[in-house]
Every structure is written in structure tokens, then in C-alpha cells.
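Reading the structure
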Protein chains: 2
Amino acid sequence: MIKKAKDLPIDLEPNLKGGKDTVRIVNILQKNEMYGTGRLFGVSIIPPGGSIGQHTHVGDFETYYILKGKALVNDNGNICELGPGDMTQCKEGDFHSIENIGDVDLEYLAVILYSVKE
Amino acid sequence: MIKKAKDLPIDLEPNLKGGKDTVRIVNILQKNEMYGTGRLFGVSIIPPGGSIGQHTHVGDFETYYILKGKALVNDNGNICELGPGDMTQCKEGDFHSIENIGDVDLEYLAVILYSVKE
């Protein structure tokens with residue numbers, strides 16, 4: 001399967017998890033294209049001042065990889081400024097939040113995978 | 001978990017799957033940090049003229065998302081030029097290859113997830 005950038009479906013999520021402004025999600029894979037492994041695989045774009053509110057991951061875990069801009073992340077109580085090339089992973093049972101504290105769009109890869117019961 | 005860019009472990013893979021030159025892989029997650037869901041989650045960097053040779057995915061599937069540069073991809077016989085923001089997914093049982101046909105490093109996200117038996 002090949003998809004050009006212009007053909008990737010976009011979701012608009014206002015006040016996500018109680019956060020500020022609207023998050024734009026470019027879906028690299030749609031859920032049915034993840035073949036049961038997870039429920040999100042995309043690039044999230046948060047405008048300056050926007051955020052995703054604090055929430056806990058149950059039954060899955062989420063990885064962020066920063067592509068552009070400046071983020072303030074709260075990873076289960078560990079608060080840190082992140083920039084391009086930095087990553088954070090919210091493990092199952094942990095909480096996190098993210099805020100754009102820069103003056104340009106914050107862009108980051110976001111992937112949510114289901115925990116495997118081994 | 002938070003990791004800064006400078007702390008992400010890098011693998012060097014010369015002549016990967018019979019390809020040209022050396023691929024540099026920045027591991028966003030290491031395999032044990034994927035909790036049984038897959039075996040690769042990183043950014044691959046291929047120098048101009050370099051490539052990863054054709055290979056088939058058995059028991060897993062791989063998604064590429066182009067970050068920088070220009071790629072020629074063969075996705076199971078579908079040959080296409082890809083640039084930033086484009087994606088390709090090699091499904092389980094399919095083959096693919098990728099070559100840097102630009103004059104700067106080709107950088108892309110590469111994620112290999114195990115097929116889930118539902």
C-alpha cells in the first residue's frame with residue numbers, strides 16, 4: 001500500500017481530553033490498517049498554546065516522537081520540555097499530557113499500541 | 001519514559017538485505033520497550049545512492065513514513081517515488097525495497113509490528 005501525503009485522512013479533535021484549541025491528526029495508518037495491533041498511528045499537530053489534557057492509558061501504551069516545535073510533556077509526573085528528535089512513552093497504567101509552548105505548530109508522531117498479554 | 005534525541009541508541013546496518021551503503025537506524029523504542037507488539041520502531045537514514053534490498057515480511061508488517069528526502073520504493077511490485085509526508089505499508093507476505101534517489105540523506109520512520117492472530 002502506498003499513500004501520498006495529500007491522501008492521508010485528517011481528524012480534527014477540539015479540546016482533546018480537556019485540552020486547549022484543536023489538535024489536527026494526520027492518520028498515517030487508519031485503525032483497520034493496524035491489523036489489531038493498536039488504535040492510532042499518525043502525526044499530531046497542536047497550534048501554539050494548544051494542548052491535550054492529562055489522561056491515563058488503560059490496555060494500551062502511547063509513544064510520542066517530536067518532529068517540529070517545542071512541547072511541555074507531563075509523563076506520569078515527570079515534567080519535561082521536548083524538541084525535535086526527543087521521545088516520550090506513556091506506559092500502560094500511566095498518565096500523560098502535552099502542550100505546545102513554542103510559537104509555531106508542534107508536530108509529533110503519536111502511536112498507540114495495545115498491550116500484549118504474554 | 002522520556003529520552004532526549006542524543007540518548008536514542010543508533011544501529012549501523014551495512015548492505016541491509018543486500019542493499020547499497022550503510023543504513024543508520026535511530027531507535028525511538030528498543031524491542032523490549034515495544035512490549036511484544038513488534039521489533040522495530042525508529043528513524044532510518046539512508047545516504048544518497050544507498051538502499052535496502054528487496055525482502056519479504058513474514059509474521060509481521062512494516063510501515064514507512066517519509067520525513068526528508070526522496071525515495072524510490074518497490075511495494076510488492078508497485079514502484080513509486082515518495083517524498084516527505086508520503087507513506088507505504090508492506091503487508092504480511094508482501095515484499096518491498098527502498099532506495100535513496102535524492103542528493104541528501106533520506107530519513108523515514110520505520111515501524112515493524114507483529115501480525116495479530118484474531
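See above for the structure.
Attention here is on the structure that accompanies the text. (Residues numbered from 1 in each chain as written. Chains lettered and ligands numbered in written order. Predicted model: local features only at pLDDT ≥ 70, side-chain atom pairs only at ≥ 80, totals over all residues. Heavy atoms only, no water.)

1. Quick notes on the nonpolar core
Counting residues in each nonpolar core, the largest one holds 30 residues, and the members touching the most others are Phe 41 of chain A together with Phe 41 of chain B. For this core, the secondary structure elements donating two or more residues are strand E3 (22–29), strand E4 (38–46), strand E6 (60–68) and strand E11 (106–114) of chain A together with strand E3 (22–29), strand E4 (38–46), strand E6 (60–68) and strand E11 (106–114) of chain B. When near neighbours in sequence (up to four residues on either side) are disregarded, Phe 41 of chain A contacts Val 26, Asn 27, Ile 28, Leu 29, Met 34, Ala 110 and Val 111 of chain A together with Thr 63, Leu 109 and Val 111 of chain B. By size, the runner-up hydrophobic cluster in this structure holds 18 residues, among which are Ile 2 of chain A together with Leu 40, Tyr 64 and Ile 112 of chain B. (Core = buried A, V, L, I, M, F, W, Y, C linked by side-chain atoms within 4.5 Å. Buried < 20%, exposed > 50% of the residue type's maximum accessible area, 1.4 Å probe, protein only. Helix = DSSP H or I, 4+ residues; strand = E, 2+ residues; numbered from the N terminus. Contact = heavy atoms within 4.5 Å.)

2. Quick look at the layout of surface pockets
The gaps of empty space that remain are located by a probe, the size of a water molecule, rolled over the atoms. Reported here for the largest pocket is a volume of approximately 370 Å³. Lining the largest pocket are 18 residues, and of these Leu 67, Lys 68 and Glu 107 of chain A together with Leu 67 and Lys 68 of chain B lie nearest its centre. Those elements giving two or more residues to the lining of the largest pocket turn out to be E4 and E6 of chain A together with E6 of chain B. Looking at the lining of the largest pocket, its residues break down into 12 nonpolar, two polar and four charged. (1 Å grid on protein atoms, 1.4 Å probe; cavity = no way out; pocket = protein on both sides within 12 Å on 5 of 7 lines; lining within 4 Å. Points joined across faces, edges and corners; volume = space filled by probe spheres on them. Nonpolar A, V, L, I, M, F, W, Y, C, P; charged D, E, K, R; others polar.)

3. Concerning the environment of Glu 92 of chain B
All names here are of chain B. Tracing the backbone through its elements, the reader meets Glu 92 in the loop between strand E9 (87–90) and strand E10 (95–100). Given the relative accessible area of 37%, Glu 92 is considered partly exposed. Along the primary structure Glu 92 and Tyr 114 are separated by 22 residues, whereas in three dimensions their C-alpha atoms are 8.9 Å apart. Here the side chain of Glu 92 touches Gly 59 through a polar contact of 3.3 Å, landing on its backbone nitrogen. (Polar contact = N/O pair within 3.5 Å; in protein donor to acceptor, adjacent residues only side chain to side chain.)

4. Side note on empty space enclosed by the protein
With the rule as written, the count across this model stands at one cavity of 30 Å³ or more. If you add up the space inside the largest cavity, you get close to 30 Å³. For the largest cavity, the full set of lining residues is Val 43, Tyr 65, Leu 67 and Leu 109 of chain A together with Tyr 65, Leu 67 and Leu 109 of chain B. Mapped by element, the contributors of at least two residues to the lining of the largest cavity are E6 of chain A together with E6 of chain B.

Bear in mind that shape data such as this cannot, by itself, settle questions of function.
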